[in-house]
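Coordinate analysis (summary)
Each chain, written out:
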Amino acid sequence: MLPPDLRQQLQSSQERLLHLLESFSSARVLVVGDLTLDEFLTGQVERLSREAPVLILRHEFTRQVPGGGANAIYNLAKLGAQVQAVGLVGVDPQGEALCSIFQGAGIDTRGIFKDGDRPTVTKTRISGHARQSVTQQIVRVDRKSDDLPAPALQEALAAFIRQQVGTADAVVCSDYGDGVFTPPVIAAALEHERTIVDTQRDLARYRGAFLFTPNLPEAEAAVGYPIRTEAEVLRAGEDLLELTAAKYMLITRGDAGMSLFSREAAPYHLPAFNRTDVFDVTGAGDTVVAALTLALVAGASLWEAAVLGNLAASIVVRQFGTATTSTAEMAAALHHLLED
């Protein structure tokens, strides 16, 4: 149940929020990301192997979807934005598959460079099931390199970002720690006045960005102390604004909602819109960033943008694996939220 004051505020803002959703398609967003391909291999268990005490699966299907920073890019495209993707893939079938998925979604892939020394980051989940039973994950195989891209490739990425940054309404940095975000790339991304940062570590590298969106563990790692009480949340918000010199800070707190901090106004807290039908939170942060960014580009206040980010996340956590939503689903979810 929504608190009565929030329900009233949402009801009075419903027309405005729907108008913002309709404006998503006019946004031009440059997204720099650590690109990942998520693979799901599924099969039926036939028997135990005679070679080792392991299951033998008869392959049924393979599904490939964008993951990591690629999920942020895909979410923005599925919400209707005009998206320019920037990042690295390897010279391998996984990189080709990821670029093909992007192109099929209308995403501009000219900023995706090939790195012959490093593989496309790929996370392959192998799942199996017996007849008439639930499918369960058995193992995950990761392909990645811990080496940084060559200096020439770092400079090429930075140069491309600087060439394109003037035509974008916003820049999103989706940093999963896989090597794309070196100092030249970060400096180029920060040249835009509206750079939104979603990073798993070391927020201070992006000092001066417009908005940060850490989740609770990322916020705790940045400030160096646990965040459990409301007083600690308020303290952390202030400390994070000081650490990053950001204009805005949004801490996503799972089923506790999200907390917004600004240098211009008092903090504001939004409860989670969906706390019961939660099946998988994988990639929900990318969905929040996508909806939040497009709302800000459309002229939303930070509160309106956070509401739409919260609404988008409430939809994708109902689905297993990395997922996306659409403006039509968001409009319907807003209607149902106010009906309940």
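Quick look at the structure, then. (Residues numbered from 1 in each chain as written. Predicted model: local features only at pLDDT ≥ 70, side-chain atom pairs only at ≥ 80, totals over all residues. Heavy atoms only, no water.)

Remarks on the overall build of the protein chain
Along the protein chain, the regular secondary structure elements total ten helices and 13 strands. The C-alpha radius of gyration computed for the protein chain amounts to 20 Å, which stays within 12% of the reference 20 Å derived for 340 residues, consistent with globular compactness. Along the longest, intermediate and shortest principal axes, the C-alpha atoms of the protein chain span 65 × 50 × 40 Å. Split into buried and exposed, the 340 residues of the protein chain put 53% on the buried side. Summing over all exposed atoms, the protein chain offers an accessible surface of approximately 15,700 Å²; the carbon and sulfur share of this is 50%. Side chains of the protein chain give 29 positive and 41 negative charges; the mean places of these two sets differ by 3 Å. (Helix = DSSP H or I, 4+ residues; strand = E, 2+ residues; numbered from the N terminus. Rg over C-alpha atoms; globule rule 2.2 N^0.38 Å. Buried < 20%, exposed > 50% of the residue type's maximum accessible area, 1.4 Å probe, protein only. Areas by Shrake-Rupley, 256 points an atom, 1.4 Å probe, with all protein chains shown as cover. Lys, Arg positive; Asp, Glu negative; His and termini not counted. Charge placed at Lys NZ, Arg CZ, Asp CG, Glu CD.)

Concerning the sheet that holds strand S4 (residues 82-90)
As a general point, the strands of a sheet are linked pairwise by backbone hydrogen bonds and lie either parallel or antiparallel. In spatial order, the strands read S5-S4-S1-S8-S9-S10-S11-S12-S13; together these nine strands make up an open sheet with mixed pairing. Sheet topology places strand S5 (108-115) and strand S13 (268-270) at the edges, where each strand pairs with a single neighbour. The pairing of strand S1 (residues 28-33) with S4 spans five bridges and is parallel. Among the inter-strand pairings, Leu30 is bridged to a residue of S4, identified as Gln84. (Pairing = 2+ DSSP bridges.)

So, the nonpolar core
In terms of nonpolar packing, the biggest core is built from 64 residues, with Leu10, Phe102, Leu308 and Met330 touching the most fellow members. Per-element accounting of this core gives the leading share, ten residues, to helix H9 (residues 302-316). Here Leu10 is in contact with Leu2, Leu17, Phe273, Trp303, Val307, Leu337 and Leu338, once residues within four sequence places are set aside. Formed by 36 residues, the second largest nonpolar core is a distinct cluster that contains Cys173, Ile186, Tyr206 and Val223. (Core = buried A, V, L, I, M, F, W, Y, C linked by side-chain atoms within 4.5 Å. Contact = heavy atoms within 4.5 Å.)

A look at empty space enclosed by the protein
Scanning the entire structure with this criterion turns up one cavity of 30 Å³ or more. Around the largest cavity, the lining residues are Asp34, Leu35, Leu88, Val89, Gly90, Asp115, Arg118, Pro119, Thr120, Val121, Asp178 and Val180. With three residues, the top contributor of residues to the lining of the largest cavity is S4. (1 Å grid on protein atoms, 1.4 Å probe; cavity = no way out; pocket = protein on both sides within 12 Å on 5 of 7 lines; lining within 4 Å. Points joined across faces, edges and corners; volume = space filled by probe spheres on them.)

Quick notes on helix H4 (residues 151-164)
Two residues of an α-helix separated by three or four positions point the same way, owing to the 3.6 residues in each turn. For H4, built from 14 residues, the straight-helix expectation of 20 Å at 1.5 Å per residue is met to within 8% by its first-to-last C-alpha distance of 20 Å. Along H4, the positions that sit buried rather than exposed are Leu153, Gln154, Leu157, Ala158, Phe160, Ile161 and Gln164. Viewed end-on, H4 has its buried residues packed into an arc of 160°, placing them on one side of the element. Those residues of H4 that are exposed and angled more than 90 degrees off the buried face are Pro151, Ala152 and Gln163. Against S1, S4, S5 and helix H5 (183-189) lie the buried residues of H4. (Expected span 1.5 Å × (residues − 1). Arc of directions from axis to C-beta.)

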